[in-house]
Amino acid sequence: AAATAPTKANGKKGLKGGFEKFGHNIEKFGKEVAGVGLGIKSGFEEILGLEDSDDENASGLRASISNMHDEEAEALKIAISHIQRDNHRTALNHLLSLKECEAMQNWAFRALMADYMMQVADSALESSKTGVAVESYEEALAILKQDEDTSEEEDFSKARKGCIKGHKMIAIDCEGFGDFRSAIEQRKRACELLESENKVVPACHQLISIAYNLGKVEEYDKSSVILSDVCRKLFKGVTSLDYMPSDRLHLLVKAYHMRAICFTKMAKWKLALDQYDELIPLVAKESGRGSLDYMSLTIRKAALLVTLKNYAAATELLRNYFQMADINDGAGNELIVGPDDHSLALDTSAAIDLKLGKVDDAITTFEKKLAFLEEHLPQDKEMKSDAMHKLGCLLSYKKNHEEALPLLQSALDTRKFLFDGRNKFLIESSWAVAATNQTLGDTDKALADYEILLEKIDLVEDSPINSVVVHNSAGKLFFEDGKIEAAVSSFTKALEGVESQGDDALKKNIMLNLANALAAKGEIDGAFDLYEDLERMGKRKRTQLYYFTLYNKSLLLIKVGEKEQAKDILNDIIETRSSKADDTKGNVYITLGILSVEEKKIESGLNYYEDALAMFVDERYDISSITQTKKLMAMAYLETKKYDVAITILEDALTELSQPGMERKFYQLMKAEVWNCMSKVYQRRGDHSSAKNFAKLALQTYKSELGERHPITLRNVSNVSVLLLEEAEGLTKSEAKSIIDAAKFEMEGALGAFLSLNDSWAYRFDVASLKTNLGLVAVWQG
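What you see is a predicted model, and the numbers here were worked out from it, not measured in a lab.

Engineer: Quick one: what's the story with the overall build of the chain, residue by residue and with numbers?
Structural biologist: Helix and strand counts for the chain stand at 37 helices and zero strands. The contacts in the chain between residues at least 6 apart in sequence include a share of 55% that link residues at least 24 apart. Approximately 38900 Å² of the chain is accessible, and the part contributed by carbon and sulfur atoms is 49%.

Engineer: Tell me about the nonpolar core, residues and numbers included.
Structural biologist: Counting 119 residues, the largest nonpolar core has Tyr450, Val470, Tyr531, Ile573 and Val681 as the members making the most contacts within it. Take this core: its biggest share by element is ten residues, from helix 33 (residues 665–685). Apart from residues lying up to four places away in sequence, Tyr531 is in contact with Leu512, Ala515, Asn516, Ala519, Thr549, Asn552, Lys553 and Leu556. In terms of nonpolar packing, the next biggest core, distinct from the first, is built from 92 residues, Met104, Val120, Leu273 and Tyr276 among them.

Engineer: Describe in detail the side chain of Asn716, supporting the description with residues and values.
Structural biologist: Within the fold, Asn716 resides in helix 35 (residues 711–729). Setting aside chain neighbours within four positions, we find Asn716 in contact with Asn676, Ala698, Leu699 and Tyr702.

Engineer: I'd like to hear about the pattern of salt bridges, residue by residue, with values.
Structural biologist: In total, this model carries 48 salt bridges according to the counting rule given. Between Lys99 and Glu139 there is a salt bridge, with the nearest N and O atoms lying 3.0 Å from each other. A residue pair is termed long-range when its members are at least 10 positions apart, and Lys99 in the loop between helix 6 (88–96) and helix 7 (107–126) and Glu139 in helix 8 (residues 130–145) qualify at 40 residues. Across the salt bridge formed by Glu599 and Lys601, the nearest N and O atoms sit 3.5 Å from each other. Residue class for Glu599 comes out partly exposed when judged on its relative accessible area of 31%. Taken together, the salt bridges that share partners define one network made up of Glu195, Asp229, Arg232 and Lys233.

Engineer: Describe the environment of Tyr321, naming the residues involved and giving the relevant values.
Structural biologist: Topologically, Tyr321 is positioned in helix 16 (residues 311–330). Given the relative accessible area of 1%, Tyr321 is considered buried. Sequence separation between Tyr321 and Met295 is 26 residues, and the spatial gap between their C-alpha atoms is 6.8 Å. Ignoring any residue separated from it by four or fewer positions in sequence, one finds Tyr321 in contact with Met295, Ile299, Ile336, Val337, His342 and Ala345.

Engineer: Hey, could you go over the packing of aromatic side chains for me, with residue numbers and the actual values?
Structural biologist: Evaluation of the coordinates by the stated rule reveals eight aromatic pairs. Note on Tyr321 and Phe322: the rings are 5.2 Å apart at their centroids and 55° apart in plane angle, and the pair reads as tilted. Considered together, Tyr321 and Phe322 belong to a single accessibility category, that of buried residues. Taking 5.9 Å as the distance between ring centres and 40° as the angle between the ring planes, the aromatic pair formed by Phe419 and Phe425 counts as tilted. When the ring centre of Trp761 is taken as origin, the NZ or CZ atom of Arg764, which lies over that ring, is 3.6 Å away.

Engineer: Talk me through helix 15 (residues 292–307); I want residue IDs and the actual numbers.
Structural biologist: End to end, helix 15 covers 23 Å across 16 residues, agreeing with the expected 22 Å (1.5 Å per residue, within 8%). Summarising burial for helix 15: twelve of the 16 residues are buried, a large majority. All buried positions along helix 15 are accounted for by Tyr294, Met295, Ser296, Leu297, Thr298, Ile299, Lys301, Ala302, Ala303, Leu304, Leu305 and Val306. Where helix 15 is buried, its residues contact helix 13 (246–265), helix 14 (269–287), helix 16 and helix 17 (339–355). Just downstream of helix 15, Lys309 is the residue with a positive phi angle, here 65°.

Procedures and definitions
- Counting restarts for each chain: residues are numbered from 1 in the order of the written sequence.
- pLDDT decides what is reported in this predicted model: residues at 70 or higher carry local features, side-chain atom pairs at 80 or more are listed and counted, and totals for whole chains, interfaces and linings draw on all residues regardless.
- Just so you know, side-chain values use all the structure's heavy atoms and leave hydrogens and water out.
- Only DSSP runs of H or I covering at least 4 residues are called helices, and only runs of E covering at least 2 are called strands; the numbering of each starts at the N terminus.
- In what follows, residue pairs with any heavy atoms lying within 4.5 Å of each other are defined as contacts.
- Here, Shrake-Rupley sampling with a 1.4 Å probe gives the accessible areas, and only protein chains in the shown set may cover a residue.
- Buried residues of nine kinds, namely Ala, Val, Leu, Ile, Met, Phe, Trp, Tyr and Cys, make up a nonpolar core once their side-chain atoms join them within 4.5 Å.
- Only protein chains enter the accessibility calculation, which uses a 1.4 Å probe; a residue whose area is less than 20% of its type maximum is buried, one above 50% is exposed, and one in between is partly exposed.
- Here a salt bridge means any side-chain nitrogen of Lys or Arg lying within 4 Å of a carboxyl oxygen belonging to Asp or Glu.
- The pairing test for Phe, Tyr and Trp rings, Trp by its six-membered ring, is centres within 6.5 Å, and the orientation test on the planes gives stacked under 30 degrees, edge-to-face over 60, and tilted for anything in between.
- Two limits define a charge over a ring: the Lys NZ or Arg CZ must be within 6 Å of the ring centre, and within 35 degrees of the ring normal.
- Helices are assigned an expected span. That span is 1.5 Å times one less than the residue count.

In structure tokens:
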């Protein structure tokens, strides 16, 4: 099929239909064009249909072609051939090679070239070769602009439309690939072409897409400038909003909305609020006050008001929304906003509750959100994990740790699937689970959680949690688990990190923890230095931490033999009237009680224990401290041989620890401690059978909760073995043999387990005790 030649240009006379005839003979021209280089006189006029024309333009075209070099004529021939075969890129390249040829000085040849460019562009666009099409349209448009005054407007319009369509198509492809910057350049060109035709609304569509793409690359400042330009263009020629055409009003709403988002992203809260105040009435006019768009914007404005601490206004907006949502739901209708917006409304409502101290209301709101997500967004694992995490954190804050842990663990498991190990949300969940396990007394799990957390926390950018706090909490856990070296290391890192944060309260807390760890490690001077620094820093305000410092300093004084000085400090704490000392007084009474019992002042010790118990029950109910105090009271009565009183007290402690909800590890380990105390009482009473049974109960609990090779479990193995040996003392040799053999077997296993822990210093007393008892067994066995 022959390519179509250009039609007669407006204002150019004298060709007498020559172009039409030229079109009919284009195939022949394509075959004989090589002869043009040999001279126009060899019949080329007939091919062009110009042989009967003396018009100067026809003459100019003949002269232009006759002056073409052989290679230029060949390029034209090849281009025409490739146009016929839909080889668009090749055809375009050959046409482009003729842009600088002398023939381009003639308007008719330029028109011919523009038409061929348009043919390449149209065909390429049909073949989805958008890049070639756009380049061809642009070249055609550039050629036509050289004769702008005389070229056909239809040709101009066709070229511009092709350019615009092509640039938009490329932009859409770029956006699909995430190449937003390339998309921006394509849409800028489309906008420029649309503006050249004074097409305001389509041009504004492109500008809004440009602003959107700028937002995708987080250039919100540039995006807001583009959107402001859109607003100015839409208002051009419009005296007021009442007279703005609907197609412009719709775009204005979109521009206002996007600009509000940009201001929010840039933390320009007041500008964002002003934009919402302009936007919402427009949406009410366009869509109605009960529309999805109107309600959605109302929710977003409420969220912004919370940021600006205008909780009353935010609450009012949300109250209106939730009332309409309840009415709609009661009627059995679908949501009046999208699930994401409804979730935002719930989040905003919870945020208001928290700011106003209504934690229980916030918990209720997050429970509603979780149920809502289950129903409407079951596949949105990220949003669901966020809701579970926040609800779990609030429950932990309310001391409902058992209820919180499954939610926090589920959030963590989901985030492990969604994110890589360095994601901030994964770190956030890991921290919450570790801290909750620590609070619940599940030391093994908490230690495992912290070890992973400490490895990754410094690798996370923009971490939502404070690494200093994590190191401090990990140090506490290591300390409680007897891993003093690890505790000192964690507290030291925390203290180094807090120096740059300017948090004086946290710094003092870390200093106290480090001092306690150093005291446990035996670094007495370092511990005293920290205690004295803290005492000096807190002497003026005398906060809770100040009294904790004095209390812990007194413990170290007792450790080094300075008991009288320690007593003076402890009595000073008791005598103070400051409520800041109340949280310390219970432990002070316990310590004074222990000192009194050691000095055989049993009655005085019991009085101190009674005072401690009153503090723990009346001031703040603390089951752990209450249990500890009752154990000490029972042991004090044991010293006076009041076995029945001691047993009654311990049975009372066991009853409290056997209440519903106390099945978890923390409480089971406390029960094991009480059973061991019961075993001691019955042992002193001479009831070896009961003593052995209670010791076995404790051992079984330690095995199940801590594992068979845990140091505490191994110590209890040794304790039970000693009871077996005591039982064997009252038997004949033949009767005692099997019991002694069993005790020996258990002690040898415990000794091997202690040695395998590879910390001979930490477990030196355990090893020495076991070796001594095994020596006695060897003597008995002869």
